[in-house]
Amino acid sequence: IAEGEHAWMFWRWPTAVRNGGLNTASGTGRVAYIPYGGGSPGNPQVGDWRDLRLTLTVLLEQVTAQLGVDAAAVLLLHAPTQTLEYAAGRGFRAPAIQHTRRRLGEGHAGRAALEMRIISLPDIGQSQEPFERAALMTGEFFTAYFAVPLIAKGQVKGVLEIFHRRPLVPDTEW
């Protein structure tokens, strides 16, 4: 995905969710089924899961696996303050990412949201613009970064941040 391009992402619930559970950060490996929307424990529907964290966990598991990247995070837009705030992450060595707060237009993620376009830094060391999150990512050793706005019904809802510990030049399938 080149900088400034738009990407459409469609997700299907993985088999693990169909089986009534998935690996969780707590290590329990099970997620409580909430009957809602006509599904059943063996065949949940998208509306069955009220827990946004579960949805984001599944999303981030799929993003990191399908794209072959080291880490990813979702920042959700808090509309009253026009601030992007950390909601979920996967693949990080340290908890520093959890303290992320960015105003719209601030930094790469804020710019991706404000301009409604992908910001692409396939090799941070070779980029002409500085990576403003470098201090926050101490010890992570990321060398590639992408910020993808999450848009629903024409409105930005958040940003998907993608990180990799080696330079990354995505192909057209990516």
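Residues numbered from 1 in each chain as written. Predicted model: local features only at pLDDT ≥ 70, side-chain atom pairs only at ≥ 80, totals over all residues. Heavy atoms only, no water.

Details of the overall build of the chain
Scanning the chain from terminus to terminus reveals 3 helices and 6 strands. Taken from N to C terminus, the helices and strands of the chain fall in the order α-α-β-β-β-α-β-β-β. Counting across all 174 residues of the chain, residues that qualify as buried make up 39%. Taking contacts inside the chain between residues at least 6 apart in sequence as the whole, the part at least 24 apart equals 50%. Accessible area of the chain: about 9,900 Å², with a carbon and sulfur share of 53%. (Helix = DSSP H or I, 4+ residues; strand = E, 2+ residues; numbered from the N terminus. Buried < 20%, exposed > 50% of the residue type's maximum accessible area, 1.4 Å probe, protein only. Contact = heavy atoms within 4.5 Å. Areas by Shrake-Rupley, 256 points an atom, 1.4 Å probe, with all protein chains shown as cover.)

Quick look at the pattern of salt bridges
Counted by the stated rule, this structure contains 6 salt bridges. Glutamate 115 is the salt-bridge partner of arginine 111, the closest N and O atoms lying 3.7 Å from each other. Of this pair, arginine 111 and glutamate 115 both sit in helix H3 (residues 107-115), 4 residues apart, which is roughly one turn of that helix. For arginine 111, a relative accessible area of 19% gives the class buried. A relative accessible area of 37% places glutamate 115 in the partly exposed class. Between arginine 165 and glutamate 140 there is a salt bridge; the shortest N-O distance is 2.7 Å. Taken together, the residues arginine 165 in the segment after strand S6 (155-164) and glutamate 140 in the loop between strand S4 (119-121) and strand S5 (144-152) connect sequence positions 25 residues apart. Looking at arginine 165, the relative accessible area reads 17%, which means it is buried. Judged by relative accessible area, which is 2%, glutamate 140 ranks as buried. Ionic contacts of the salt-bridge type, sharing partners, join the residues Arg102, Glu106 and Glu132 into one network. (Salt bridge = Lys/Arg side-chain N within 4 Å of Asp/Glu carboxyl O.)

Points about the pairing of S5
With 3 bridges joining them, S4 and S5 adopt antiparallel strand pairing. In the sheet register, isoleucine 119 faces S5, and the bridge partner there is alanine 147. (Pairing = 2+ DSSP bridges.)

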